[in-house]
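This is what each chain is made of:
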Amino acid sequence: MNWFFSALGVLLALLTVLLALYLMTARRYQSSNSVANSYDQWTEDGILEFYWGEHIHLGHYGSPPQRKDFLAAKSDFVHEMVRWGGFDKLPPGTTVLDVGCGIGGSSRILARDYGFAVTGITISPQQVQRAQQLTSQELDVKFLVDDAMALSFPDASFDVVWSIEAGPHMPDKAIFARELMRVVKPGGVMVLADWNQRDDRQNPLNFWEKPVMRQLLDQWSHPAFSSIEGFSELLVATGLVEGKVMTADWTEQTLPSWLDSIWQGVARPEGLVRFGLSGFMKSLREVPTLLLMRLAFGTGLCRFGMFRTFRANSLPKSTEQTVCIETAQI
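Just so you know, these numbers come straight off a predicted model, no measurement behind them. (Residues numbered from 1 in each chain as written. Predicted model: local features only at pLDDT ≥ 70, side-chain atom pairs only at ≥ 80, totals over all residues. Heavy atoms only, no water.)

Engineer: What is the right way to read the environment of Gly105 from this model?
Structural biologist: Inspection of the secondary structure assignment puts Gly105 in helix α5 (residues 105-114). The buried category is assigned to Gly105, whose relative accessible area is 2%. For the pair formed by Gly105 and Val78, sequence separation is 27 residues and the distance between their alpha carbons is 9.1 Å. Beyond its immediate sequence surroundings of up to four residues, Gly105 is in contact with Glu54 and His55. (Helix = DSSP H or I, 4+ residues; strand = E, 2+ residues; numbered from the N terminus. Buried < 20%, exposed > 50% of the residue type's maximum accessible area, 1.4 Å probe, protein only. Contact = heavy atoms within 4.5 Å.)

Below, the structure written as structure tokens:
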């Protein structure tokens, strides 16, 4: 029996050390540079691309969710977002800004399958370089290093502004909302998919939700998550919105992505050979955060929000508009 307690003590000590290392090596948001550096590192080592493919975002598994290949679900997400945004009715040559384009997976689908003229921007120089390497010159796509908090484009530059899961990295959500709407042409559309926190103005975070949310922010360089309701209000507050902000909750459709992403390490063990022990340890380190994400989205602490709105044809005299938000049942 003594050996059992000795082994248990060793295991607990090891788990304590691993937990301490996990907390001490968090990639906390400090500035836009910390976000850029994190994505530069993830792109340079190639581990994220190997397991997550060209799309550094969640997959769409249907409603109710169905079993689906992890990488296929990510590609399906783009097509589902196109249909939800109404972009499948737009003509070839439509100009699109992909804000937070990663290594260009969504940009390439928009150009290849729909004939759009796409500009993808990211704050990571390494992501731009990799996106360019992966993109055929036949596609009408270009990639630039740019900051979504201060876009370099003139007002009213694009027919469509598109963004997937970039919002949590933005330190000021009001400025982010303003920049998204500023570069849309009058009558054009903005569509965004994002990780959102539950609106805590009416339902504050409880004793266990606060530390979980803190880790979701600290581990992946996020300054804050907005709520679906809160970001909708910020879009309206820009004074650039025509009519309603349409929203939908795609938590159910995307929820299997979190455990699927962990399963990739088991289902594709060749990654252990390709990236060695250091790559294995780096991948293993992300498992607790992925599990916390699954917990947060599965319990309602977080929600996967979809947003669609049109740019007003003329600016109102006052930006003090009544918030008008309609939740779409998809």
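Engineer: Explain the packing of aromatic side chains to me, please; I cannot follow it from the model alone.
Structural biologist: The geometry of an aromatic ring pair comes down to the distance between the two centres and the angle between the two planes. One pass over the full model with this rule turns up 16 aromatic pairs. Each ring, one from Phe87 and one from Trp162, has its centre 5.9 Å from the other, and the planes form 45 degrees; the classification is tilted. One end of the pair, Phe87, is in the loop between α4 (70-85) and β1 (95-99); the other, Trp162, is in strand β4 (residues 158-164), and 75 residues separate them in sequence. Grouping residues by exposure puts Phe87 and Trp162 together as buried. (Phe/Tyr/Trp six-rings, centres within 6.5 Å; stacked < 30°, edge-to-face > 60°.)

Engineer: Just checking my understanding: could you explain the environment of Val245 for this structure?
Structural biologist: Relative to the helices and strands, Val245 is located in strand β6 (residues 241-249). Remark: the alpha-carbon pair of Val245 and Ser232, spanning 13 residues in sequence, is separated by 6.4 Å.

Engineer: What is the right way to look at the environment of Ala73 in this model?
Structural biologist: For Ala73, the location among the structural elements is in helix α4. Residue classification places Ala73 among the buried residues on the basis of a relative accessible area of 0%. Between the C-alpha atom of Ala73 and that of Tyr61, which follows or precedes it by 12 residues, the distance is 6.0 Å. Look past the residues within four positions of Ala73 in its chain and what remains in contact with it is Gly59, His60, Tyr61 and Lys68.

Engineer: Please explain the side chain of Glu286 as it appears in this structure.
Structural biologist: Its place among the elements puts Glu286 in the loop between α12 (270-285) and α13 (287-299). Classification of Glu286 by relative accessible area gives buried; the value is 13%. With near-sequence residues (within four places) excluded, Glu286 lies in contact with Arg27, Trp42 and Trp220.

Engineer: Just to check I follow, could you spell out α4 for this structure?
Structural biologist: The first and last C-alpha atoms of α4 sit 23 Å apart over 16 residues, in line with the 22 Å expected at 1.5 Å per residue. All buried positions along α4 are accounted for by Phe70, Ala73, Lys74, Phe77, Val78, His79, Met81, Val82, Trp84 and Gly85. One side-chain oxygen at the N-terminal end of α4 lies 3.1 Å from the backbone nitrogen of Leu71; it belongs to Asp69. Where α4 terminates, the next one or two residues include Gly86, which has phi positive at roughly 80 degrees. (Expected span 1.5 Å × (residues − 1). Polar contact = N/O pair within 3.5 Å; in protein donor to acceptor, adjacent residues only side chain to side chain.)

Engineer: What is the right way to read unusual backbone geometry from this model?
Structural biologist: The general pattern is negative phi for most residues beyond glycine and trans for most peptide bonds. The omega angle of the peptide bond from Ser63 to Pro64 is 0 degrees, so this bond is cis rather than trans. Inspection of the secondary structure puts Pro64 in the loop between α3 (47-52) and α4. One non-glycine residue, Ala156, lies in the positive phi region at around 55 degrees. By the element assignment, Ala156 lies in the loop between β3 (141-145) and β4. Of note, Ser221 is a non-glycine position whose phi angle comes to about 60 degrees, a positive value. Among the secondary structure elements, Ser221 is positioned in the loop between α8 (209-219) and α9 (228-237). Residue classification places Ser221 among the buried residues on the basis of a relative accessible area of 1%.

Engineer: Honestly, empty space enclosed by the protein in this entry has me stumped. Any pointers?
Structural biologist: A water-sized probe, rolled over the atoms, reveals where empty space remains. Under the counting rule described, the total for this entry stands at 1 cavity of 30 Å³ or more. Computed from the structure, the largest cavity encloses a volume of approximately 50 Å³. Tyr39, Trp42, Thr43, Leu48, Glu49, Ile56, Ile103 and Gln127 together form the lining of the largest cavity. Of all the secondary structure elements, the ones that give two or more residues to the lining of the largest cavity are α2 (32-45) and α3. Per-element tally for the lining of the largest cavity: the top contributor is α2, with 3 residues. (1 Å grid on protein atoms, 1.4 Å probe; cavity = no way out; pocket = protein on both sides within 12 Å on 5 of 7 lines; lining within 4 Å. Points joined across faces, edges and corners; volume = space filled by probe spheres on them.)

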